[in-house]
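# Fold and contact review
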Amino acid sequence: MKKQTKPLHTHKWRQGRRKNILLLFVLLCGMAATFLLSVFTGSAEAGLSEVVRCLAAGPEIESGSPVDYTTHTIIWSLRLPRVLMSLLCGAGLGLAGAAMQGILRNPLASPYTLGISSAAGFGASLAIVLDVGIASVFSTAGYLLIISNSFFFSILVLGIVLLISRTKSYRPSTMILAGISMMYLFSAGTSLLQYLATNDQLAKIVFWLMGSLMSVTWKQLTIISVFMAVVFPLLMRLSWSLNILSCGEEVAQSLGVHPRFVMVSTALLASVVTAGLVSFCGVIGFIGLVAPHIVRMMVGGDHRLLLPASAMSGSVILALSDTIARTVLTPMELPIGVITSFIGVPFFISILIRRKGTSH
Amino acid sequence: MKKRTILLLLIVLAAASGLYAGGQTENPEPASKIDKPLFTFIDGKGNESVFYHEIERIVVVNSGLSALLAALQQSDKIVGRDMFSSFPSSLRTKKVVGKSSAYPNLELILGSKPDVVMADAMFDDSVAEKLAALGIPVLIESTSNPLKTKELVTRYGDLLDCEERAAEICAWLDEADSRIAGLIETARVNGENAPVVFFENRKNYKSTSKKSSTHQYLELSGGVNIAADEKVSSPTLSPEFIVEKNPNVIIRRVSGDLTADTMAGVRDNILNRPGLSATQAVSTERVFVIKADLFMTIRYPSALFYHASWFYPETFRNEDPEEFNKELINFMFGDGEFEKTNEAFAYP
């Protein structure tokens, strides 16, 4: 009997490992399929072969090239950076959401739980209405002011939440409550600015708050990629510690994991990447909440798998949402937040129902 | 497992990086930029745009600006419009490339191959910057300031090389301004007092102060705006404040293509609103509804005429604001245009 136990255990472990690899592979294929679908779908009248020709021609075309200049510009300057940003942004929000849910040990936590979205919205509104911001010294360009302000206020609120939480040893409940308090404070500030705004400014605030990938540039994409390239491996390094932390702080400590270090580092990394994304794309809701939940239902709570899988599923959901947002009512373009919420809310409700069932 | 996962994701990131690294290279300059600059244009926001050839293709995403282009007889240059630019009727056949300035569709705009995009201040700065980088200047204009309309007409006449028509329009507007001002002056001489007005701008209790150009419409038509001195441009007034000010006239500005019945419904809502029942305007039923389109660019005299006729009913007894509006529409957009519209402009 003893001889049989070890091989059976190893077999199950191998099976589980194969299943996880398969899941990551499927998600990767999903990302590739979504990328292709999104690049080939748009409101501009460009056929499949024309898009392929434009992509094959590369970012630069010679004068006299058989590729249509306008279609080439649409694909390379508008659609391609937008699709890539949607994949990257979805990945960032999914990753940050899984990480925040991990440290706060709360299924309702998201990248915005610490008040980042409200603070970013306040910063952007401040730039739109009062034309003031931390980058005023360097540039008068309105959109740069909005980006820098939203990033600055996101980081500021993170600092405040961490300072408040420090007094209670970074207890998850304290972090959540401090985040919610900040969220209400900055939301009130944004409401006040909306009241002061002219109709034109109000329209701009509303547009920003709903999130958009319309004006994504290659430069922005590069910046976000750098954020992701730095944050992702660091969060992956913390994934095993997050697994241990989920057993409780005392257990984690007894196993040599420093709970405070793990919580603060994870919160910092997740918030920085979220702040970067929000600054460029506005507040895109529900991805950071829903993507980790979908993945958790399939693979359980192992953060070594949960983090990358959440990132991948987040990117698929956001890229699909954006494709729907820009094509479903052509020539109108729907705010992306509307589509992500339409997809996110049913999932959210199903999670709530499942939780209720479990408690019974 | 951890190493493999990291490796997998890094491959994805590297692949994406490789792809967009290609995109870092600037696209070849549009042919136009090889030429020497032909002229520069300063828009209403103060931004300077350089043009390398005459403007032949225009995307316009503001209904006031599209009406202005039609009045300047430049409709044939419009290759894309917003959803609300459906007046005059000649614009309805134009391709829609977005909902409004706030929600343009960039792919459709670029696909229309415009020389320029004309929009209002709701157009996002980053989107304008993106289009400018692709060689398409975006001109931002304020379209609902009656005091700046003639200057706008003149500037666009110069821009589109139709100065003569622009001068005709300005002369017509001058004449209309004088006629309205003269009637208001007569009313004052005849002892009609300037009425106190509550102007409700699109939403319940939302008004307009001196900080907004909409206030000019009340001032130029001889009304006293109860919200003139409010600290913000679009204040939300409390019913108590309105009752205390006791306006003689209430005007509600509405958006969209409304029928007379719908406008009547809007008016009934105000007449039956408990908070306003104590005002003189409601007790004497001097509550009026006006379409927002009349506040846009060259159509502003119609809004002024309707307002003044409501403010000074005795003096305007023999004047017909609808006839005035018809006169304006037929002058600006061609004979018979008024008859083609099946809209209610004001109620009652």
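Since the structure is predicted, the reported quantities are computational estimates derived from the model, not experimental observations. (Residues numbered from 1 in each chain as written. Chains lettered and ligands numbered in written order. Predicted model: local features only at pLDDT ≥ 70, side-chain atom pairs only at ≥ 80, totals over all residues.)

## Describing the overall build of chain A
Tallying secondary structure elements over chain A gives 13 helices and zero strands in all. For chain A, the N- to C-terminal ordering of α and β elements is α-α-α-α-α-α-α-α-α-α-α-α-α. Expected size for 360 residues packed as a compact globule is a radius of gyration near 21 Å; at 22 Å, chain A falls within 12% of this value. Seen along its three principal axes, the alpha-carbon backbone of chain A occupies a region of about 75 × 50 × 40 Å. When the 360 residues of chain A are sorted by exposure, 52% land in the buried category. Nonlocal contacts in chain A, meaning residues at least 24 apart in sequence, comprise 75% of its contacts between residues at least 6 apart. (Helix = DSSP H or I, 4+ residues; strand = E, 2+ residues; numbered from the N terminus. Rg over C-alpha atoms; globule rule 2.2 N^0.38 Å. Buried ≥ 20, exposed ≤ 12 C-beta atoms within 10 Å, placed from the backbone. Contact = placed C-beta atoms within 7 Å.)

## Some words on the packing of helix α7 (residues 163–189) of chain B against helix α12 (residues 300–311) of chain B
All names here are of chain B. It is at 10 Å that the axes of α7 and α12 come closest, and there the two elements cross at 10 degrees. Judged by the inter-axis angle, α7 sits roughly parallel to α12. Along the contact surface, α7 presents L173, A176, D177, I180, L183 and I184, while α12 presents P301, L304, F305 and A308. Here the contact of α7 with α12 is composed, by residue class, of nine nonpolar, no polar and one charged. (Axes fitted to C-alpha atoms, helices over the stretch in contact; angles between N-to-C directions. Parallel < 35°, antiparallel > 145°, perpendicular 65-115°, else oblique. Nonpolar A, V, L, I, M, F, W, Y, C, P; charged D, E, K, R; others polar.)

## Thoughts on the environment of Q280(B)
Residue and element names in this part refer to chain B. The topology assignment puts Q280 in helix α11 (residues 280–283). A tally of 14 C-beta atoms within 10 Å means that Q280 is categorised as partly exposed. Sequence spacing of Q280 and V249 is 31 residues, and the spatial spacing of their C-alpha atoms is 7.7 Å. In this view, Q280 contacts N246, P247 and N248; residues no more than four positions away in its chain are not counted.

## Quick word on the confidence of the model for chain B
All names here are of chain B. When the pLDDT values of chain B are averaged, the result is 87; 90% of them are 70 or greater. Every residue in residues 24–29 is under pLDDT 50, and counting partners more than four places away or in other chains gives twelve contacts. Across the interface, the model reports ipTM at 0.78; the global pTM reads 0.83. (pLDDT = per-residue confidence, 0-100.)

## Description of the nonpolar core
Counting 205 residues, the largest nonpolar core has A99(A) and V117(B) as its most contacted members. Among the domains, domain 1 (29–162) and domain 2 (169–347) of chain B are the pair contributing at least three residues each to this core. Not counting residues within four places of it along the chain, the set of residues in contact with A99(A) comprises L235(A), T266(A), L269(A), A270(A) and L307(A). (Core = buried A, V, L, I, M, F, W, Y, C linked by C-beta atoms within 7 Å. Domains from an automatic or database assignment.)

## A closer look at the pairing of strand β7 (residues 196–201) of chain B
Along any regular strand, the residues point their side chains to alternate faces of the sheet. All names here are of chain B. Most of β7 is tucked away, with five of its six residues classed as buried. In this structure, β7 lies alongside strand β8 (residues 224–225), joined through two bridges in parallel fashion. Residue pairing across strands places V196 opposite V224, the latter belonging to β8. Two strands pair when backbone bridges link them, and β7 and strand β9 (residues 249–254) are joined in this way by five bridges, in the parallel orientation. Following the sheet pairing, F198 is matched in β9 by I250. (Pairing = 2+ DSSP bridges.)

## Here's the deal with the sheet that holds strand β3 (residues 58–60) of chain B
For sheets, the rule is that strands pair by backbone hydrogen bonds, running either parallel or antiparallel. Residues and elements named next belong to chain B. If you walk across this open sheet you meet the four strands as β4-β3-β5-β6, and the pairing is parallel. Each edge of the open sheet is held by one strand with a lone partner, namely β4 (78–81) and β6 (138–140). Taken pair by pair, the neighbouring strands of this sheet meet at an average axis angle of 20 degrees, ignoring direction. Bridge analysis of β3 against β4 gives three bridges, and the strand direction is parallel. Looking at β4, one finds that V59 is bridged to G80. Against the sheet, helix α3 (residues 63–71) touches β3, β4 and β5 (116–119), its axis set at about 135 degrees to β3.

## Section: the domain arrangement of chain B
Residue and element names in this part refer to chain B. The domains assigned to chain B are domain 1 (29–162) and domain 2 (169–347). Domain 1 puts 21 residues into the contact, and the matching count from domain 2 is 21 residues. Only α3 and α6 (149–159) provide two or more residues apiece to the side of domain 1 that touches domain 2. Take the side of domain 1 that touches domain 2: its biggest share by element is seven residues, from α3. The class makeup of the residues in the side of domain 1 that touches domain 2 is eleven nonpolar, nine polar and one charged.

## Notes on the sheet that holds β7(B)
Residues and elements named next belong to chain B. On the basis of which strands lie adjacent, the open sheet formed by five strands has the order β8-β7-β9-β10-β11 and mixed pairing. Looking at which strands have only one partner, the edges of the open sheet turn out to be β8 and β11 (346–347). Here helix α10 (residues 260–271) sits on the sheet and contacts β9, β10 (287–291) and β11; the angle it forms with β10, its principal contact strand, is near 140 degrees.

## Quick look at the packing of α6(B) against α7(B)
All names here are of chain B. Following both chains from N to C, one finds α6 and α7 inclined at 170 degrees, their axes separated by 8 Å at the closest point. Here α7 runs roughly antiparallel to α6, going by the angle between their axes. Contacts from T149, K150, V153, T154, Y156, G157 and D158 of α6 reach α7 at E163, R165, A166, I169, C170 and L173. Partitioned by chemical class, the residues of the contact of α6 with α7 number six nonpolar, three polar and four charged.

## As for the environment of I146(A)
All names here are of chain A. Along the chain, I146 turns up in helix α5 (residues 142–166). When the C-alpha atoms of I146 and S77 are compared, they prove to be 22 Å apart, with 69 residues separating the residues in sequence. Not counting chain neighbours up to four residues away, the residues in contact with I146 comprise A124, A127, I128 and W208.

## So, helix α3 (residues 69–104) of chain A
For an α-helix the count is 3.6 residues per turn, leaving residues at separations of three or four pointing the same way. Residues and elements named next belong to chain A. With 36 residues, α3 extends 50 Å between its outermost C-alpha atoms, agreeing within 8% with the 52 Å of an ideal straight helix rising 1.5 Å per residue. Burial within α3 is extensive, with 34 of its 36 residues counted as buried. One or two steps after α3, the chain reaches R105, where phi turns positive at roughly 45 degrees. (Expected span 1.5 Å × (residues − 1).)

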